[in-house]
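Chain and residue survey
One letter stands for each residue in the lines below.
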Amino acid sequence: MKLRILLADDHEIVRRGLRALLEKHEGWEVCGEASDGREAIEKALQLNPDVVIVDIGMPNLNGLDTTRQLLQHDPHFKVIVLTITDSDQVIREALDAGARGFVLKSDAARDLVSAVEALQNKRMFFTPRVNDLVLAGFLEKGQTVSRNEAPKLPTLTAREREITQLLAEGNSSKEVASLLNLSTKTVETHRSNIMRKLSFHSIRDLVVYAIKNNLIQIELPPPPKTPAGPTAA
Amino acid sequence: MTIRILVVDDHSIVRQGLKTLLEGHSGWEVIGEAADGAEAVEKARNLSPDVMVLDVTMPRMNGLEACRLIRRHSPDMEILFVTQHDSPQMMREALEAGARGYVVKSNAARDLLAAVEAVSQHRVFTTLNDGSYPQVR
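What you see is a predicted model, and the numbers here were worked out from it, not measured in a lab.

Check the secondary structure of chain A and you find 11 helices and 5 strands. Here chain A, with 233 residues, has 36% of them falling under the buried criterion. In chain A, the proportion of contacts linking residues at least 24 apart, taken out of those at least 6 apart, comes to 60%.

As structure tokens, this is what we get:
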């Protein structure tokens, strides 16, 4: 029987690349694609794939919250997280969310097949940096990194994180309400609670928080061209 | 019409996606790939493609610098940026650097073929992710 894989990434061009890579492997098929976290959850529940591959930086619902929600629905889902960065914080959050594989996007062509094979054989797959971090945690403290060194647990609930991401992406309360099938008044209440809990006074603070906590990701432009030095007259 | 294309992006999975899309078009051929601007400059010189599909943010040398260098040495080669940067300022910089086309990555699957077709005929093709229609002139 074929191994069925669900792909979730907001860029169709990336999904095409991933599909081409995975379908070269005999016995694997991509059973579905999703372009954001909400669609990924819907399709995973509908298609019941063997492996779900999720990009961290997706609109509407990011990959980490998608992983958390998927595993709340059914802890048997096997999730591989694709990321553009392997910072300590992202690693900790991915482990904490329950991902069983962690692959850098830049290394996906090399590592993704190994990651899916690992999950197929009921093992986990992490990049060398993740392994180092987890090992360092065990050696130094005798306990897992996530227990000892992780930053404070997020003070926001899952729903509040979803709303924070949507607001930081530029949606109004009315638009958030429509996306989540809630009333505008309920969203406004969540919004006030979020601002109060985090002691924020502006949407700008919320955007910075969302970026720092990987709820949204941005790509910075390259540095400007170095101006030519002064020339002698 | 045969078009020979060089694909440049630091993520091989993105190169693979672009290649799959481009090679689905009859007569078009991806003749090479590069993972950064410096490699792009070298391969542009060696392979002389008709069109280069180029990312902006890459290690070693970014796409804007590569574009300026390539335009200086190969004025007939057309350059099309495919980038994450959904910004009019970046689009202006890309065109000033000598590119003929600008497509936002999230729209690449929709716009790439039309963009390559346009720039290969030395026309300008630009589109941002703001709901506006692509501009071809």
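In this section: the packing of helix H8 (residues 158-168) of chain A against helix H10 (residues 184-197) of chain A. All names here are of chain A. Where H8 meets H10, the closest approach of the two axes is 10 Å, and the angle between their N-to-C directions is 95°. Regarding the angle of H8 to H10, the classification is roughly perpendicular. Taken together, the residues of H10 that come into contact with H8 (itself represented by Arg159, Glu160, Ile163, Thr164 and Leu167) are Val187, His190, Arg191, Asn193 and Ile194. Residues of the contact of H8 with H10, tallied by class, amount to 4 nonpolar, 3 polar and 3 charged.

This paragraph deals with the interface of chain A and chain B. On the side of chain B, 21 residues touch chain A, which itself brings 17 residues to the contact. Taken together, the elements giving at least two residues each to the side of chain A that touches chain B come down to helix H1 (12-23) and helix H5 (108-120) of chain A. Of all the elements, H1 of chain A adds the most residues to the side of chain A that touches chain B, at 8 residues. Per-class residue counts for the side of chain A that touches chain B are 9 nonpolar, 3 polar and 5 charged.

Another aspect to go through is the confidence of the model for chain B. Regions with low pLDDT should not have their predicted coordinates read in detail. Residues and elements named next belong to chain B. Averaged over all residues, the pLDDT of chain B is 91; the fraction at 70 or higher stands at 96%. Averaged pLDDT values for the elements of chain B fall to 70 in strand S7 (residues 135-136) and rise to 97 in strand S3 (residues 51-54). The complex prediction reports pTM at 0.80, with the ipTM value standing at 0.84.

The next point concerns the sheet that holds strand S2 (residues 28-34) of chain A. Residues and elements named next belong to chain A. Spatially, S2-S1-S3-S4-S5 is the arrangement adopted by the 5 strands of the open sheet, whose pairing is parallel. The open sheet terminates on both sides in strands that have one partner only, identified here as S2 and strand S5 (101-104). Going across the sheet, the axis of each strand differs from the next one's by a mean of 20°, ignoring polarity. Pairing analysis gives 6 bridges linking strand S1 (residues 3-8) to S2, with the strands arranged parallel. Bridge assignment links Leu3 to a residue of S2, and that residue is Trp28.

Moving on to the domain arrangement of chain A. All names here are of chain A. Examined at the domain level, chain A breaks down into domain 1 (3-148) and domain 2 (158-212). Its C-alpha centre places domain 1 at a distance of 26 Å from the equivalent point of domain 2. On the side of domain 2, 7 residues touch domain 1, which itself brings 7 residues to the contact. Looking at the side of domain 1 that touches domain 2, its residues break down into 2 nonpolar, 3 polar and 2 charged.

In terms of nonpolar packing, the biggest core is built from 85 residues, with Val52, Ile53 and Ile80 of chain A together with Met52, Val53, Leu54 and Leu80 of chain B touching the most fellow members. Of the residues forming this core, the biggest block, 6 residues, is contributed by helix H5 (residues 108-120) of chain B. Excluding residues within four positions of it along the chain, Val52 of chain A makes contact with Leu6, Ala8, Ala40, Ala44, Leu70, Phe77, Lys78 and Val79 of chain A. Within the second largest apolar cluster, 11 residues are counted, among which are Ala177, Leu206, Leu215 and Ile216 of chain A.

Turning our attention to the pairing of strand S4 (residues 79-83) of chain A. Both faces of the sheet carry side chains from a regular strand, because those side chains alternate between them. All names here are of chain A. In terms of burial, S4 is largely enclosed, as 5 of its 5 residues are buried. Going residue by residue along S4, you find Val79, Val81 and Thr83 tucked away on one face and Ile80 and Leu82 tucked away on the opposite face as well. The sheet contact formed by strand S3 (residues 51-55) and S4 spans 4 bridges and is parallel. Across the sheet, residue Val52 finds its bridge partner in S4, namely Val79. Taken together, S3, helix H3 (residues 63-73) and S4 constitute a β-α-β crossover, and its handedness is right-handed. Examined bridge by bridge, S4 and S5 share 4 bridges and lie parallel to one another. Residue pairing for S5: Leu82 is matched across the bridge by Val103.

Next up on the list: the pairing of strand S1 (residues 3-8) of chain B. All names here are of chain B. Counting buried positions along S1 yields 5 of 6 residues, so the element is predominantly enclosed. In terms of strand pairing, S1 meets strand S2 (residues 28-34) through 6 bridges, oriented parallel. Each bridged residue has a counterpart across the sheet, and for Ile3 the counterpart in S2 is Trp28. Considered for its hand, the β-α-β crossover made up of S1, helix H1 (residues 12-23) and S2 is right-handed. Inspection of the sheet shows S1 paired to S3 by 4 bridges, in the parallel sense. Within S3, the position partnered with Leu6 by the bridge is Met52.

Here is what the cut-offs are and how they apply
- Residues numbered from 1 in each chain as written.
- Chains lettered and ligands numbered in written order.
- Predicted model: local features only at pLDDT ≥ 70, side-chain atom pairs only at ≥ 80, totals over all residues.
- Helix = DSSP H or I, 4+ residues; strand = E, 2+ residues; numbered from the N terminus.
- Buried ≥ 20, exposed ≤ 12 C-beta atoms within 10 Å, placed from the backbone.
- Contact = placed C-beta atoms within 7 Å.
- Axes fitted to C-alpha atoms, helices over the stretch in contact; angles between N-to-C directions.
- Parallel < 35°, antiparallel > 145°, perpendicular 65-115°, else oblique.
- Nonpolar A, V, L, I, M, F, W, Y, C, P; charged D, E, K, R; others polar.
- pLDDT = per-residue confidence, 0-100.
- Pairing = 2+ DSSP bridges.
- Domains from an automatic or database assignment.
- Core = buried A, V, L, I, M, F, W, Y, C linked by C-beta atoms within 7 Å.
- Right-handed = clockwise from strand over helix to strand, strands pointing away.

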